[in-house]
Amino acid sequence: SSGKDSPFNEFDDDWLQNEYTLPCLKPRIMFRDVTNRTNRRTVVAALAPPQVFVNHKAPYLLQPIGDESDEAFILGVLSSIPLDWYSRRLIETSLTFFIFNDLPIPRPKKEDFIYRKVVSLSGRLASPDDRFADWAKAVGTQYGPLAEDEKEDMIHELDAAVAHLYELSESQLRHIFETFHVGWDYEDRLVSTLDH
């Protein structure tokens, strides 16, 4: 933690010396290192449950400031079509921190309606079972399985909310869907996203 390039250098000594603050003991955002721009998705992010250990091909985020709501917000943006479309312009075979750290993440105020909407949707989508109960409670949402149609609608609404954060017009959002992936069947998803 003493090196200026260490990911732990922003944490205080109490946190560093406390074994209960080990990142693997709580839910945290991970993303897939091995990817490319022709996959179904390029930025593949998820909230890992507690007690999950990973290798270097599944990097995870540390959170020296903020809370679970901020974590849900970041996860929601990372999981959106607008951010994924942008990432496809930069990524060839790997999502490294060199690229990841420069992804444009909107910074609305916590009181912002769209911020709260992204947190609510992302938090609920990221909490499929009781392993996420404490995290979901901290975010202010429920946990448990979702019906497939309800889950799909929430994903579309999340895309719409993130599009608002990026201040995308309808024509810009349509362009993102049309150029996102060659040959993908996007019409129903686009219509639902535009409805939201």
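Refer to the structure printed above.
Residues numbered from 1 in each chain as written. Predicted model: local features only at pLDDT ≥ 70, side-chain atom pairs only at ≥ 80, totals over all residues. Heavy atoms only, no water.

Peer 1: How do you make sense of the packing of helix H2 (residues 68–78) against helix H5 (residues 113–125) when you look at a structure like this?
Peer 2: The contact between H2 and H5 brings their axes to 8 Å, and the two run at 85°. The angle between H2 and H5 places the two elements in the roughly perpendicular class. Side by side, H2 and H5 meet where Ser69, Asp70, Ala72, Phe73, Leu75, Gly76 and Val77 of the first sit next to Tyr115, Val118, Val119, Ser122 and Gly123 of the second. Taken together, the residues of the contact of H2 with H5 break down into seven nonpolar, four polar and one charged. (Axes fitted to C-alpha atoms, helices over the stretch in contact; angles between N-to-C directions. Helix = DSSP H or I, 4+ residues; strand = E, 2+ residues; numbered from the N terminus. Parallel < 35°, antiparallel > 145°, perpendicular 65-115°, else oblique. Contact = heavy atoms within 4.5 Å. Nonpolar A, V, L, I, M, F, W, Y, C, P; charged D, E, K, R; others polar.)

Peer 1: What should I look at first to understand the nonpolar core in this one?
Peer 2: Most often, soluble globular proteins keep nonpolar side chains buried together rather than apart. Among the nonpolar cores identified, the biggest contains 32 residues, and Leu47, Phe73, Leu78, Leu95, Phe100 and Val118 are the most heavily contacted of them. When contributions to this core are tallied by element, the ones reaching two or more residues are strand S1 (28–31), strand S2 (45–48), H2, helix H4 (97–100), H5, helix H6 (133–139) and helix H7 (148–165). The next biggest cluster of nonpolar side chains, apart from the first, holds 10 residues, and it includes Ile81, Ala163, Phe180 and Leu190. (Core = buried A, V, L, I, M, F, W, Y, C linked by side-chain atoms within 4.5 Å. Buried < 20%, exposed > 50% of the residue type's maximum accessible area, 1.4 Å probe, protein only.)

Peer 1: For this particular structure, what's the right way to read H7?
Peer 2: Working note: α-helix, 3.6 residues per turn, so residues spaced by three or four point in the same direction. When the terminal C-alpha atoms of H7 are compared, their 26 Å separation across 18 residues agrees well with the 26 Å that a helix rising 1.5 Å per residue should span. All buried positions along H7 are accounted for by Met154, His156, Glu157, Leu158, Asp159, Ala160, Ala161, Val162, Ala163 and Leu165. On its buried face, H7 is in contact with H2, helix H3 (81–87), H5, helix H8 (170–180) and helix H9 (187–195). Residue Glu167 follows H7 closely and has a positive phi angle near 55°. (Expected span 1.5 Å × (residues − 1).)

Peer 1: Whenever I open this one, the packing of aromatic side chains confuses me. Can you help?
Peer 2: Both the distance between ring centres and the angle between the ring planes are used here to describe each pair of aromatic rings. Applying the stated rule across the entire model yields 10 aromatic pairs. Each residue in the set Phe177, Phe180, Trp184 and Tyr186 is aromatic and connected to the rest through ring pairs, giving one cluster. Over the ring of Tyr60 we find Arg28; its NZ or CZ atom is 4.7 Å from the centre of that ring. (Phe/Tyr/Trp six-rings, centres within 6.5 Å; stacked < 30°, edge-to-face > 60°. Lys NZ or Arg CZ within 6 Å of the ring centre and 35° of its normal.)

Peer 1: What exactly am I supposed to notice about a negative patch on the surface here?
Peer 2: Negative charge collects at one region of the surface, where Glu148, Asp149, Glu150, Glu152, Asp153, Glu178, Asp185, Glu187 and Asp188 lie side by side. Put simply, the parts of the chain that give the negative patch at least two residues each are H7 and H9. Counting residues per element, the negative patch draws most heavily on H7, at five residues. Mapped onto the fold, Glu187 is located in helix H9. (Patch = residues over 30% accessible without salt bridge, like charges linked within 9 Å, V, L, I, M, F, W, Y side chains within 5 Å. Areas by Shrake-Rupley, 256 points an atom, 1.4 Å probe, with all protein chains shown as cover. Salt bridge = Lys/Arg side-chain N within 4 Å of Asp/Glu carboxyl O. Lys, Arg positive; Asp, Glu negative; His and termini not counted. Charge placed at Lys NZ, Arg CZ, Asp CG, Glu CD.)

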